[in-house]
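Structural characterization, general
Here is what each chain is made of, one letter per residue.
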Amino acid sequence: AVLVHGASGGVGFASARLAVELGCKVWGTCSHANTETLRSAGVIPLDYTAADFERVIEDASLDLVMDAVGGDDYYTRSLPLLRRGGRYVTAVGPVR
């Protein structure tokens, strides 16, 4: 299972589509305007303006978080969602 932050942007969308094509269950954070785009690509959209993503995804259930947004906020909020051995990857720079 994969979570992609910024899933409606270029890097995030490519990452999400790749994970879907590989057979993963994929959630993607996006604005409300982009929820249908993600849904049509096989991604479960998480509107970051409407709800906290960590309330939707079960703790310790993700294999990968791909962060195309960056920032310590997404990092700290995403870590509890990773299973043991899961990976957090960012495309935008250092985290802590």
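Conventions used here
Residues numbered from 1 in each chain as written. Predicted model: local features only at pLDDT ≥ 70, side-chain atom pairs only at ≥ 80, totals over all residues. Heavy atoms only, no water. Pairing = 2+ DSSP bridges. Helix = DSSP H or I, 4+ residues; strand = E, 2+ residues; numbered from the N terminus. Axes fitted to C-alpha atoms, helices over the stretch in contact; angles between N-to-C directions. Contact = heavy atoms within 4.5 Å. Disulfide = S-S within 2.5 Å. Buried < 20%, exposed > 50% of the residue type's maximum accessible area, 1.4 Å probe, protein only.

1. Observations regarding the sheet that holds strand S1 (residues 2–5)
A sheet is described by the order of its strands in space; here 5 strands give the open sequence S3-S2-S1-S4-S5, paired in parallel fashion. The open sheet is flanked by strand S3 (44–47) and strand S5 (82–90), the only strands paired with a single partner. In this sheet, adjacent strand axes meet at a mean angle of 20° when their direction is disregarded. Packed onto the sheet, helix H1 (residues 10–21) meets S1, strand S2 (26–30) and strand S4 (62–67) and runs at close to 165° relative to S1.

2. Here we look at the state of the cysteines
If you walk through the whole model with that rule in mind, you get 0 disulfides. This cysteine, cysteine 24, is not joined by any disulfide, and cysteine 30 carries the nearest cysteine sulfur, 18 Å off. Classification of cysteine 30 as buried rests on a relative accessible area of 1%.

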